[in-house]
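Chain residues, written in single-letter form:
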Amino acid sequence: MLGYTETFRVPYDGEPIHIDLVLDDYRIGIATVSSTRDDHGLDPVSHGQRVAVILRTDDTAAAFETVTSNGAKALVLPHEWLGRLLIAWVADPDGNPIQIVQNL
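Residues numbered from 1 in each chain as written. Predicted model: local features only at pLDDT ≥ 70, side-chain atom pairs only at ≥ 80, totals over all residues. Heavy atoms only, no water.

Further remarks concern the sheet that holds strand β2 (residues 18–23). On the basis of which strands lie adjacent, the open sheet formed by three strands has the order β1-β2-β3 and antiparallel pairing. At either margin of the open sheet sits one strand with a lone partner, and together these are β1 (5–10) and β3 (26–31). Shown here is a sheet whose adjacent strand axes are inclined to one another by a mean of 15°, direction ignored. Bridge count for β1 against β2 is five bridges, and the pairing is antiparallel. In the strand pairing of β2, R9 is matched with I19. (Pairing = 2+ DSSP bridges. Helix = DSSP H or I, 4+ residues; strand = E, 2+ residues; numbered from the N terminus. Axes fitted to C-alpha atoms, helices over the stretch in contact; angles between N-to-C directions.)

Printed below as a string of structure tokens:
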């Protein structure tokens, strides 16, 4: 997805509660609120906007098309920003905003 390779998933089948994605030397892990609470004993905020994730890509328009065609909710269509970036916004399954950005 967007150039990332999935390297870890729990469980292997069905709806994941945790996945790790790797791109070059960067790794991002994503866990559900219930996994964070039940498996790790933390007390995460489970409502409202808690995070915005920024993902860099070489092709914002193509990445936006890929994630929205796979079910991500479109928030803002790809558009130029600051005269040097092309950005778009989608929502993750919990409604948190994800910015997809490329240098122009």
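Next comes the rest of the account.
Looking now at the sheet that holds strand β6 (residues 85–91). What the four strands build is an open sheet, ordered β4-β7-β6-β5; its pairing is mixed. Two strands bound the open sheet, and with one partner strand each, they are β4 (53–56) and β5 (73–81). With direction set aside, neighbouring strand axes in the sheet form an average angle of 20°. Pairing of β5 with β6 involves six bridges; the strand directions are antiparallel. Residue H79 lies in a different strand from β6, and its bridge partner there is I87. Along the sheet, helix α2 (residues 60–69) makes contact with β5, β6 and β7 (97–103), crossing β6 at roughly 10°. (Contact = heavy atoms within 4.5 Å.)

This is a description of form; function is not addressed.
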